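# Fold and geometry: a report
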Amino acid sequence: MIKNLLNPDLAPAQLIARIKTTNMGAEIHNLAKQLINPTADIQDSLHRAAILKATNIHTGTLTLYCNNDGNISLKTPDKATAPEQLYSVPGKSILFAINGESFPIQLYQLEGECLTLAERVIVDGNNPLFVDGAKVLFDSNPNGDGHPAFIGSINLPEKTADIGVFDPASLRKVAWFPHDDSAARFLVSLELLEAAQDPGACKVAEELIYHYHPAVAWKAFQVISRTDPQAALNCAPLLRNLQNSRLNHLLDQCEAA
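Attention in this report is confined to the structure presented alongside it.

Parameters at a glance
Residues numbered from 1 in each chain as written. Predicted model: local features only at pLDDT ≥ 70, side-chain atom pairs only at ≥ 80, totals over all residues. Heavy atoms only, no water. Helix = DSSP H or I, 4+ residues; strand = E, 2+ residues; numbered from the N terminus. Buried < 20%, exposed > 50% of the residue type's maximum accessible area, 1.4 Å probe, protein only. Pairing = 2+ DSSP bridges.

Quick look at unusual backbone geometry now. Here Asn99, not a glycine, exhibits a phi torsion of approximately 55°, which is positive. Locating Asn99 in the fold gives a position in the loop between strand 5 (92–97) and strand 6 (103–111). What makes Asn99 exposed here is its relative accessible area of 64%. Of note, Leu171 is a non-glycine position whose phi angle comes to about 65°, a positive value.

Now the structure itself:
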């Protein structure tokens, strides 16, 4: 049942209604059993590697299931201190309680390069929480002493968006990185080719100029521009099709120069 909730066509109200009428504790337990118990045709070493890949030790999160639309994760109880950074979660998320254990969530409004402190809510069996990651950042450790409950989450990520990193004291953005793993790999690859002055860097950039992530497309544009500025400018309409205001501003500057 829970796997069917990874459906981008479902409205937030529909998702919340289905979560309220579903035994989420039992659903999560069944997903966990499927992850822990290997099938007959998989090697034990490969099974252990798959579990490690699904585990994020930095956030205490285990990805129980994923498909092309999103993932279902479980955040385990911890006694962590106050976070050194706050991270946005691109896309849409619904946080829900497991076995009736409630937990507090601190919300922040995303306003450009800054956060604004918003309300604190309690998530329990009757009150799942929908979060639009384009507008809101959430902190599951608002008291700075961890959380005693298991936190379930259904995540429908926006791959073209970036993860913003914010300082919890000033609430200002201090860094960002791509949410999509492929975008991160392509960015690093282009930077390494450029740093090594690889003669094939331009050919790689000519392929990546079509990437859907604005940061990858912009980096490819820069690499091409260093070899053939006019060829790069000819690609500007292609990049404008991404409809990214920051990217359009950078292109305006290049074309004006």
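What follows concerns the sheet that holds strand 12 (residues 173–178). With antiparallel pairing, three strands are arranged side by side in an open sheet as 4-11-12. Sheet topology places strand 4 (86–87) and strand 12 at the edges, where each strand pairs with a single neighbour. Sheet analysis places strand 11 (residues 162–166) next to strand 12, joined by five bridges and oriented antiparallel. When the bridges of strand 12 are listed, Phe166 appears paired with Lys173.

For the rest of this paragraph, the subject is the pairing of strand 3 (residues 71–75). On a regular strand, one side chain projects to one face of the sheet and the next to the other, so that they alternate. Strand 3 sits mainly inside the fold: five of its five residues count as buried. Neither face of strand 3 is open: one carries Asn71, Ser73 and Lys75, the other Ile72 and Leu74, and all of them are buried. By the bridge criterion, five bridges tie strand 2 (residues 61–66) to strand 3 in an arrangement that is antiparallel. Directly across from Thr63, in strand 3, lies its bridge partner Ser73. In this antiparallel pair of consecutive strands, strand 2 and strand 3, the connection spans four residues. Two strands pair when backbone bridges link them, and strand 3 and strand 10 (residues 151–156) are joined in this way by five bridges, in the antiparallel orientation.

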